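# Summary of the model geometry
Read off the chains here:
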Amino acid sequence: MGSVVHTPAQPTLGLRRARGAIFGVFGINGFLFAIWVVHIPTIDRRTDITHATLGSLLLLLAAGAILGMQASGPLSDRFGSNRLVTISGALMACALLGPALSTSPAALGAALFVLGALNGSLDVSMNSQAVAVERFYGRPILSAFHALFSVGGVIGSLVGAATLTAEVPIVVSMGSAAVVGLLGIGVCRPFLLDPAADSGPGSGPVSDAGPLSSDARGRLSPRVLALGGLAFALLLSEGVANDWSTLQVAEHLQTGDGAAALAFGFFAAMMTVGRFCADRVSERFGPVAVVRYGNVIAAAGMSMVLFSNWLPLTLAGWAAFGLGLSGSIPQIFTSAGNLSA
């Protein structure tokens, strides 16, 4: 796994502001996604669907995310990742109302596909911005951006748990979250990196997506394919927590929706702790150690979830799962984003 190779330099005011703005975008994305996650049991009951049907509909969320991720590369090249962050972030906030207003499986499936596509587009474009900033800082900082996503997730899960406990109507709570998301994206927009400008100290224009290692016929190198496969497995594991943690606690332990929301909250909280520490751990022991030993911890946490019938132990399992997974994806994104740096 590669790392950033630029020599550290004193960041400019514009670069520090860009870093703060990208922190904000990651936090907003985490907040919006958490609001959806903690309302899954409520939406499940409103649409009167089986768990098998819910699982199929969540595949539409994943399919939309894959489409959004695939489209975001060419769109970033054409319009700039800063514009794509703004557009996809604002539209994702609005799309949060789709699941809240859905009363049938068909409507929910369409809403989830749109939400997934916009989230996938935002995910790639904001990470493109983050990798560009990390190049100019010349040291590992990508995990800190992902930590802000987790901070947003913790806040969203706590807000969601509170509104569910208070029996606030789902349209009101998710609609209010959408307004917060729109305002947050609007505040961050002016400070995002402009790919056409020279934002780094002596490094030339920002590149949204440099060419990945490939052979003469355009095939991706084995290293790129390996990183992609590992990223897929790790994001699939995160998706388990995103899509099923609250439902697992509500159904398996027969808890209320407010208590079930804590499962994602514990997961996101430990993701936050781990990601704030991962950059320093990676700098000290290397990115391979972060991925290898982190996933041992994640596997132990999921084992606790599977075999526990006690709420505190189950929450501890989700917390360990989050801590273990926390540092892996940022290391892979950094490595992939700098293959041609």
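Residues numbered from 1 in each chain as written. Predicted model: local features only at pLDDT ≥ 70, side-chain atom pairs only at ≥ 80, totals over all residues. Heavy atoms only, no water.

A separate point is the overall build of the chain. Each helix and strand counted, the chain has 13 helices and zero strands in total. Start at the N end of the chain and walk to the C end: the helices and strands fall as α-α-α-α-α-α-α-α-α-α-α-α-α. In the chain, buried positions account for 53% of the 341 residues. Pairs at least 24 apart in sequence give 83% of the contacts found in the chain among residues at least 6 apart. Taken as a whole, the chain presents about 14,600 Å² of accessible surface, with 68% of it coming from carbon and sulfur. (Helix = DSSP H or I, 4+ residues; strand = E, 2+ residues; numbered from the N terminus. Buried < 20%, exposed > 50% of the residue type's maximum accessible area, 1.4 Å probe, protein only. Contact = heavy atoms within 4.5 Å. Areas by Shrake-Rupley, 256 points an atom, 1.4 Å probe, with all protein chains shown as cover.)

The subject of this paragraph is the packing of helix α10 (residues 257-285) against helix α12 (residues 311-325). For the pair α10 and α12, the least separation of the axes is 7 Å and the interaxial angle reads 35°. α12 is crossed by α10, and the crossing has right-handed handedness. Residue-level inspection shows Leu262, Ala263, Phe266, Phe267, Met270, Met271 and Gly274 of α10 in contact with α12, the latter providing Leu315, Trp318, Ala319, Phe321, Gly322, Leu323 and Leu325. (Axes fitted to C-alpha atoms, helices over the stretch in contact; angles between N-to-C directions. Left-handed = near helix turned anticlockwise from the far one by under 90°.)

Bringing the environment of Ala268 into the picture now. Of note, Ala268 is situated in helix α10. It is 9.1 Å that separates the C-alpha atoms of Ala268 and Ser326, two residues lying 58 residues apart in sequence. If near-sequence neighbours (up to four positions away) are discounted, Ala268 is found in contact with Ser150, Gly153 and Val154.

A word on unusual backbone geometry. Glycine aside, the phi torsion of most residues is negative, and most peptide linkages are trans. We note that Glu167 has phi near 60°; this positive angle belongs to a residue other than glycine. Among the secondary structure elements, Glu167 is positioned in the loop between α7 (142-165) and α8 (170-188). Phi is positive for Gln254, close to 55°, though the residue is something other than glycine. Locating Gln254 in the fold gives a position in the loop between α9 (222-252) and α10.

With 29 residues, α10 extends 40 Å between its outermost C-alpha atoms, agreeing within 8% with the 42 Å of an ideal straight helix rising 1.5 Å per residue. At Ala278, α10 shows its largest bend, some 40°. At the exit of α10 stands Gly286, carrying a positive phi of roughly 100°. (Expected span 1.5 Å × (residues − 1). Bend = angle between axes of the 7 residues up to and from the residue.)

It is worth spelling out the pattern of salt bridges at this point. Within the structure shown, the criterion is met by one salt bridge. Among the salt bridges present, the one from Arg275 reaches Glu238, with a minimum N-O distance of 3.3 Å. With Arg275 in helix α10 and Glu238 in helix α9, this pair connects stretches of sequence that are 37 residues apart. Residue classification places Glu238 among the buried positions, given a relative accessible area of 10%. (Salt bridge = Lys/Arg side-chain N within 4 Å of Asp/Glu carboxyl O.)

Following both chains from N to C, one finds helix α1 (residues 13-38) and helix α4 (residues 81-95) inclined at 25°, their axes separated by 11 Å at the closest point. Judged on the interaxial angle alone, α4 and α1 are roughly parallel. The two elements α1 and α4 meet at a crossing, and its hand is left-handed. Contacts between α1 and α4 involve Val25, Asn29, Leu32 and Phe33 from the first element and Val85, Met92 and Ala93 from the second. For the contact of α1 with α4, the per-class residue count stands at six nonpolar, one polar and no charged. (Parallel < 35°, antiparallel > 145°, perpendicular 65-115°, else oblique. Nonpolar A, V, L, I, M, F, W, Y, C, P; charged D, E, K, R; others polar.)

Scanning the entire structure with this criterion turns up five aromatic pairs. With a centroid separation of 4.7 Å and an interplanar angle of 40°, the aromatic rings of Phe23 and Phe145 are classed as tilted. Of this pair, Phe23 sits in helix α1 while Phe145 sits in helix α7; the two residues are 122 residues apart in sequence, bridging distant segments of the chain. What makes Phe145 buried here is its relative accessible area of 0%. Taken together, the ring pairs connect Phe264, Phe267, Trp318 and Phe321 into an aromatic cluster. Its end group placed over the ring of Tyr137, Arg19 keeps NZ or CZ at 4.9 Å from the ring centre. Residue placement shows Arg284 over the ring face of Phe285; its charged tip is 4.8 Å from the ring centre. (Phe/Tyr/Trp six-rings, centres within 6.5 Å; stacked < 30°, edge-to-face > 60°. Lys NZ or Arg CZ within 6 Å of the ring centre and 35° of its normal.)

Structurally, the position occupied by Gln129 is in helix α6 (residues 105-137). If we skip the residues at most four places from it in the chain, Gln129 touches Ile22, Ser81, Asn82, Val85, Leu192 and Leu193.

Attention shifts here to the environment of Val124. Inspection of the secondary structure puts Val124 in helix α6. Note: C-alpha distance between Val124 and Gln70 (54 residues apart in sequence) is 8.9 Å. Sequence-distant contacts of Val124, defined by excluding residues within four places in its chain, comprise Met69 and Ser72.

Below, the discussion takes up α4. The end-to-end C-alpha separation of α4 is 20 Å, in line with the 21 Å expected for 15 residues at 1.5 Å each. All of the buried residues in α4 are Ser81, Asn82, Leu84, Val85, Thr86, Ser88, Gly89, Met92, Ala93 and Ala95. Buried residues belonging to α4 abut α1, α3 (51-79), α5 (97-101), α6 and α8.

Turning next to the confidence of the model for the chain. Here the chain shows a mean pLDDT of 84. Residues at 70 or above account for 88%. Here helix α13 (residues 328-337) stands out as the element of the chain with the lowest mean pLDDT, 77, in contrast to α8, whose mean of 96 is the highest. Confidence drops under a pLDDT of 50 for residues 2-8, and excluding neighbours within four residues, the segment shows 14 contacts in the predicted structure. Every residue in residues 198-218 is under pLDDT 50, and counting partners more than four places away or in other chains gives 46 contacts. (pLDDT = per-residue confidence, 0-100.)

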